[in-house]
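Understanding the architecture of this molecule
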Amino acid sequence: MRKSFLCLLCISIVAATTFSTMHLQNKDAYASAQAEIAMELTTGTVLYEGNADAKLPMASTTKILTAIIIIEDCNLDEIITVADKAVGAEGSSIYLKKDEQIDIRDLLYGLMLRSGNDSAAALAIHHSGSIEKFAEVMNARAKLIGAENSNFKNPSGLPDGEHYTTARDLCKIACHAMNNEIFSQIVSTKSYTGKFRSYANKNKMLSSYEGANGVKTGYTVKAGRCLVSSAKRNGMDVVCVVLNCPDMYDRSGDILDNCFKCFKLLKLDTEKVFMCGNVLCKLNKSENIVVKSKGKLGFLVKSLPNQNVIHNGEPIAELEIYNEKDLLFTRKLYSILSN
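One structure accompanies this document, and this report is about it. (Residues numbered from 1 in each chain as written. Predicted model: local features only at pLDDT ≥ 70, side-chain atom pairs only at ≥ 80, totals over all residues. Heavy atoms only, no water.)

This brings us to the packing of aromatic side chains. Considering all chains together, one arrives at three aromatic pairs under this definition. Taken together, a centroid distance of 3.6 Å and an interplanar angle of 5° make the contact between Tyr109 and Tyr192 stacked. With Tyr109 in helix α3 (residues 104–113) and Tyr192 in strand β5 (residues 191–193), this residue pair connects regions lying 83 residues apart in the sequence. Neither Tyr109 nor Tyr192 differs from the other in exposure class; each is buried. Consider the rings of Tyr192 and Tyr199, whose centres lie 6.1 Å apart with planes at 10°: the pair is stacked. Taken as a pair, Tyr192 and Tyr199 share a single burial class, namely buried. The cationic tip of Arg225 hangs over the ring face of Tyr219; the distance from NZ or CZ to the ring centre is 4.9 Å. (Phe/Tyr/Trp six-rings, centres within 6.5 Å; stacked < 30°, edge-to-face > 60°. Helix = DSSP H or I, 4+ residues; strand = E, 2+ residues; numbered from the N terminus. Buried < 20%, exposed > 50% of the residue type's maximum accessible area, 1.4 Å probe, protein only. Lys NZ or Arg CZ within 6 Å of the ring centre and 35° of its normal.)

Right, here's the structure in full:
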């Protein structure tokens with residue numbers, strides 16, 4: 001029985017939790033980023049990191065947070081009037097005009113595909129009444145997402161000594177955003193034609209990297225070249241952040257390649273049945289976990305104490321899943337009793 005369940009588990013498991021940092025091969029072949037990290041999208045498992053907690057400017061990758069706030073809080077089909085303060089923003093632009101009528105959806109695509117700083121300002125003013133008020137919302141929302149070491153002063157990423165993030169925080173924000181269907185659709189779009197504007201995406205990863213599906217580039221003199229990228233292969237989504245990286249596309253591709261080589265995503269669902277003594281049991285919800293591609297999986301079912309009378313649907317055991325000797329996953333198992 002133990003062997004049969006082990007085989008069943010190997011066919012269709014999941015994994016979540018944190019692995020030790022992956023050693024990247026041929027790192028010296030590329031220009032190093034000042035900070036970098038990669039996470040599996042659905043579980044937040046860190047697959048690789050380097051200097052990931054350094055507080056750094058992040059340029060237009062800031063717009064990831066701006067976009068997800070607008071998507072979560074606003075009606076994308078609403079047509080707004082462009083405020084005077086949003087016109088003529090410094091840096092990249094979609095060339096909005098004062099009192100121009102445009103819907104929020106077209107502004108969002110202009111924000112993420114063309115990195116329009118004027119679009120960021122227009123959206124922020126519509127949402128909160130001012131850039132300053134919107135920055136307060138950004139900071140509050142970032143903390144809700146789990147980005148504890150960031151500070152936002154504007155919605156675009158224009159230089160400000162108090163505007164910064166970490167690679168880890170930015171990756172958390174990007175993972176949160178990529179789990180939103182509307183956001184992921186926007187950032188994976190290579191070209192867009194809306195009711196008011198049309199755009200082509202600046203992100204070269206979408207055409208140069210297999211499986212790429214987002215998310216945002218950024219550059220200022222102070223921040224250097226920054227890239228948040230995302231790709232999906234063999235059912236696993238990986239989000240990668242590189243900050244101040246001269247060769248950001250190649251470096252990101254190298255990190256992503258190694259993540260897909262070294263790890264895989266498996267699923268443990270509620271249809272998988274285990275034995276606790278002579279009682280069938282299962283998980284109460286399906287979950288994903290990340291496992292090493294070449295590691296051997298094993299599991300252990302441990303009875304919970306005080307199980308004299310067992311009722312249907314109550315916790316009776318604990319499931320432990322191991323990758324080699326590393327404990328990856330611990331969850332309660334619930335009884336399945338026939339009527």
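Once the structure has been displayed, the description carries forward.
The final tally for this structure, using the stated rule, is 13 salt bridges. When the shortest N-O distance is used, the salt bridge between Glu287 and Arg331 registers 2.7 Å. On the criterion of sequence distance, the pair formed by Glu287 in strand β13 (residues 287–292) and Arg331 in strand β16 (residues 326–336) is long-range, its members being 44 residues apart. One salt-bridge network, in which partners are shared between bridges, spans Glu36, Arg251 and Asp254. (Salt bridge = Lys/Arg side-chain N within 4 Å of Asp/Glu carboxyl O.)

Examined against the element boundaries, Glu40 turns out to sit in strand β1 (residues 35–40). Although Glu40 is buried, it forms no salt bridge, and the closest oppositely charged side chain is Lys232 at an N-O distance of 8.9 Å. If near-sequence neighbours (up to four positions away) are discounted, Glu40 is found in contact with Thr45, Leu47, Met236, Asp237, Leu265 and Val290. (Lys, Arg positive; Asp, Glu negative; His and termini not counted. Contact = heavy atoms within 4.5 Å.)

All right, on to the nonpolar core then. In terms of nonpolar packing, the biggest core is built from 64 residues, with Ile64, Leu65, Leu108, Met112, Phe183 and Leu243 touching the most fellow members. By residue number, the principal contributor to this core is helix α6 (residues 167–178), which donates eight residues. Ignoring anything within four residues of it in the chain, the contact list for Met112 reads Lys63, Ile64, Ala67, Phe183, Ile186, Val187, Asn201, Val215 and Lys216. Counting residues in each nonpolar core, the second largest holds 23 residues, with Leu47, Ala212, Ile255 and Val290 among its members. (Core = buried A, V, L, I, M, F, W, Y, C linked by side-chain atoms within 4.5 Å.)

Below, the discussion takes up the pairing of strand β2 (residues 46–50). Burial runs high along β2: four of the five residues are buried. Taken together, the four bridges between β1 and β2 define a ladder with antiparallel strand orientation. Bridging from a neighbouring strand, Ile37 pairs with Glu49 of β2. Remark: five residues form the turn of the hairpin made by β1 and β2, two consecutive strands paired antiparallel; Gly44 in that turn has positive phi of roughly 75°. (Pairing = 2+ DSSP bridges.)

Below, the discussion takes up helix α2 (residues 63–73). Along an α-helix, a turn takes 3.6 residues, which lines up residues three or four apart on a common side. Within α2, nine of the eleven residues are buried, which leaves it mostly tucked inside the rest of the structure. Among the residues of α2, Lys63, Ile64, Leu65, Thr66, Ala67, Ile68, Ile69, Ile70 and Ile71 are the ones counted as buried.

Turning to the pairing of β1, a few remarks are in order. Every regular strand shows the same layout, with side chains that alternate between the two sheet faces. Within β1, six of the six residues are buried, which leaves the element mostly enclosed by the surrounding structure. Inspection of the sheet shows β1 paired to strand β9 (residues 236–243) by six bridges, in the antiparallel sense. Across the sheet, residue Met39 finds its bridge partner in β9, namely Val239.

Moving on, we come to the sheet that holds strand β12 (residues 279–282). With antiparallel pairing, the five strands of this open sheet are ordered in space as β11-β12-β16-β15-β14. Each of the sheet's edge strands pairs with one partner strand only, and the pair in question is β11 (274–276) and β14 (297–303). Between one strand axis and the next, the sheet turns by 40° as a mean value, whatever way the strands run. (Axes fitted to C-alpha atoms, helices over the stretch in contact; angles between N-to-C directions.)

Attention now moves to the packing of α2 against α3. One can describe the packing of α2 onto α3 by two numbers: an axis separation of 10 Å at closest approach and a directional angle of 165°. Viewed along their axes, α2 and α3 adopt a mutual orientation that is roughly antiparallel. Crossing of α2 over α3 shows left-handed handedness. Where α2 approaches α3, its residues Lys63, Ile64, Thr66, Ala67, Ile70 and Ile71 are matched on the opposing element by Ile104, Leu108, Leu111 and Met112. When the residues that make up the contact of α2 with α3 are grouped by side-chain class, the tally is eight nonpolar, one polar and one charged. (Parallel < 35°, antiparallel > 145°, perpendicular 65-115°, else oblique. Left-handed = near helix turned anticlockwise from the far one by under 90°. Nonpolar A, V, L, I, M, F, W, Y, C, P; charged D, E, K, R; others polar.)

What follows concerns the state of the cysteines. Scanning the entire structure with this criterion turns up zero disulfides. Looking at Cys245, it has no disulfide partner, and the nearest cysteine sulfur is the one in Cys240, 8.8 Å off. Assessed through its relative accessible area of 0%, Cys245 is described here as buried. No disulfide involves Cys281; its nearest neighbouring cysteine sulfur is the one of Cys276, lying 5.4 Å away. Here Cys281 falls in the buried class, since its relative accessible area comes to 0%. (Disulfide = S-S within 2.5 Å.)

Keep in mind these numbers describe shape, not what the thing actually does.
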